[in-house]
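Per-entry structural report
These are the residues of each chain, in order.
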Amino acid sequence: MKLKSIMALVITTSPCIIQAQDEPKGHLGLGFGVASPLGEFRSTEGERAGYASDGAAIQLEFGYLLSERFGVAAIVRGTGNATNDKALKSDFNNSLGGLDLKVEPGLWVTGSLLVGGMGAFPLNEKWSFTTRLLVGFAGVSSPTLKVSTRDGNLLAKQEEGLASAPTCMLALGFKVNLSERFCLLAGVDYQGLNADFSSVKIDGPLGPGTASFKQAISIASLGVTAGYRL
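Below is a short write-up of the structure.

1. Side note on helix H2 (residues 85-95)
Side chains of residues three or four places apart in an α-helix project in the same direction, reflecting 3.6 residues per turn. Of all the positions in H2, only Ala87, Leu88 and Asn93 are classed as buried. The inward-facing, buried residues of H2 contact strand S4 (101-104) and strand S7 (145-149). Looking at where H2 begins, the residue whose side-chain oxygen comes 3.3 Å from the main-chain nitrogen of Lys86 is Asn84.

Below, the structure written as structure tokens:
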């Protein structure tokens, strides 16, 4: 009789134990979003104007709670922002006496690895408000720019430049648990860095040469991530 009572107790309590042990505390996800340049990076005026337009972001992210509210996070991210060809064309045309020139737009590309902390604050059984603060390093490539006449004569060309720099990110969003193993995250984030380019190859009417310049890169992103709960 005593043995039956013990077995009954084990059977009735084991589902609760299993559920508590199996409750996922982390996620691994793949996300996509819109990357909007800010400040000097978007500007079309001044020496440090980046002429960047809206682009795209893709990232692989990881998060894991070490306590009820706080944990660690990591992100591998890439962004791409085309240059504003209309603004570049207008500036070149004006600087060269109103000539009708052809400007081929280039692409700003960043690749980043960031690590840091995260917070998750439950709103109900499925929804949570999330925060992340991360730091890391980014590699940046500046756009290749070509300026030519309408009949195809090349007037000037700036080759791609490469740089690396420390970077930081602040992210806010929401997480919804769709099932025991899958979740969906949506939110906004800000990433900033300062890239220092040196020995970028240029070619123009005076012949080949090199140039050095600095570019502040600020990007605000709005994205969605599909995640697997760990």
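2. Notes on unusual backbone geometry
The phi dihedral of Tyr51 falls on the positive side, at around 55°, and the residue is not glycine. Looking at the secondary structure, you find Tyr51 in the loop between strand S1 (26-37) and strand S2 (55-65). Assessed through its relative accessible area of 14%, Tyr51 is described here as buried.

3. Topic: the side chain of Thr167
Within the secondary structure layout, Thr167 lies in strand S9 (residues 162-177). Overall, Thr167 belongs to the buried group, its relative accessible area being 5%. In terms of polar contacts, Thr167 uses its side chain to reach the side chain of Gln191, at 3.1 Å. Reaching out from Thr167, the side chain makes a polar contact with the backbone oxygen of Gly192 at a distance of 3.0 Å. Apart from residues lying up to four places away in sequence, Thr167 is in contact with Leu114, Leu134, Val135, Gly136, Phe137, Ala138, Gln191, Gly192 and Leu193.

4. Things to note about the packing of aromatic side chains
The final tally for this structure, using the stated rule, is 6 aromatic pairs. Taken together, the aromatic side chains of Phe41, Trp108, Phe197 and Phe213 make up a single cluster linked through ring pairs.

5. A short note on the pairing of strand S5 (residues 107-122)
Taken together, the 13 bridges between strand S3 (residues 70-82) and S5 define a ladder with antiparallel strand orientation. Of the residues in S5, the one forming a bridge with Asn81 is Trp108. Sheet topology note: the S5/strand S6 (residues 127-141) ladder contains 14 bridges and is antiparallel. Residue pairing for S6: Gly117 is matched across the bridge by Leu133. The hairpin turn running from S5 into S6, its antiparallel successor, is 4 residues long.

6. Focus: the environment of Lys175
Tracing the backbone through its elements, the reader meets Lys175 in strand S9. Residue Lys175 is classed as buried on the basis of its relative accessible area of 15%. As for Lys175 and Phe121, which are separated by 54 residues in sequence, their C-alpha atoms are 9.7 Å apart. Look past the residues within four positions of Lys175 in its chain and what remains in contact with it is His27, Lys126, Trp127, Ser128, Thr130, Cys183, Leu184 and Leu185.

7. Section: the nonpolar core
One finds Phe41, Trp108, Val140, Leu193, Ala195, Phe197 and Ile217 to be the most contacted residues of the largest nonpolar core, which totals 15 residues. At the level of secondary structure, the elements contributing two or more residues to this core comprise S6, S9, strand S10 (182-204) and strand S11 (207-229). Top contributing element to this core by residue count: S10, with 4 residues. Apart from residues no more than four positions distant in its own chain, Phe197 is found in contact with Trp108, Val140, Ser141, Ser142, Gly161, Leu162, Ala163, Ser212, Phe213 and Gln215.

8. Some details on the pattern of salt bridges
Tallying each qualifying case throughout the model produces 7 salt bridges. Among the salt bridges present, the one from Arg132 reaches Glu61, with a minimum N-O distance of 3.1 Å. Of this pair, Arg132 sits in strand S6 while Glu61 sits in strand S2; the two residues are 71 residues apart in sequence, bridging distant segments of the chain. Arg132 sits in the buried class, given a relative accessible area of 17%. For Glu61, a relative accessible area of 1% corresponds to the buried category. Arg69 serves as the salt-bridge partner of Glu68, at 3.1 Å between the closest nitrogen and oxygen.

Reading the values: rules and limits
Residues numbered from 1 in each chain as written. Predicted model: local features only at pLDDT ≥ 70, side-chain atom pairs only at ≥ 80, totals over all residues. Heavy atoms only, no water. Buried < 20%, exposed > 50% of the residue type's maximum accessible area, 1.4 Å probe, protein only. Helix = DSSP H or I, 4+ residues; strand = E, 2+ residues; numbered from the N terminus. Contact = heavy atoms within 4.5 Å. Polar contact = N/O pair within 3.5 Å; in protein donor to acceptor, adjacent residues only side chain to side chain. Phe/Tyr/Trp six-rings, centres within 6.5 Å; stacked < 30°, edge-to-face > 60°. Pairing = 2+ DSSP bridges. Core = buried A, V, L, I, M, F, W, Y, C linked by side-chain atoms within 4.5 Å. Salt bridge = Lys/Arg side-chain N within 4 Å of Asp/Glu carboxyl O.

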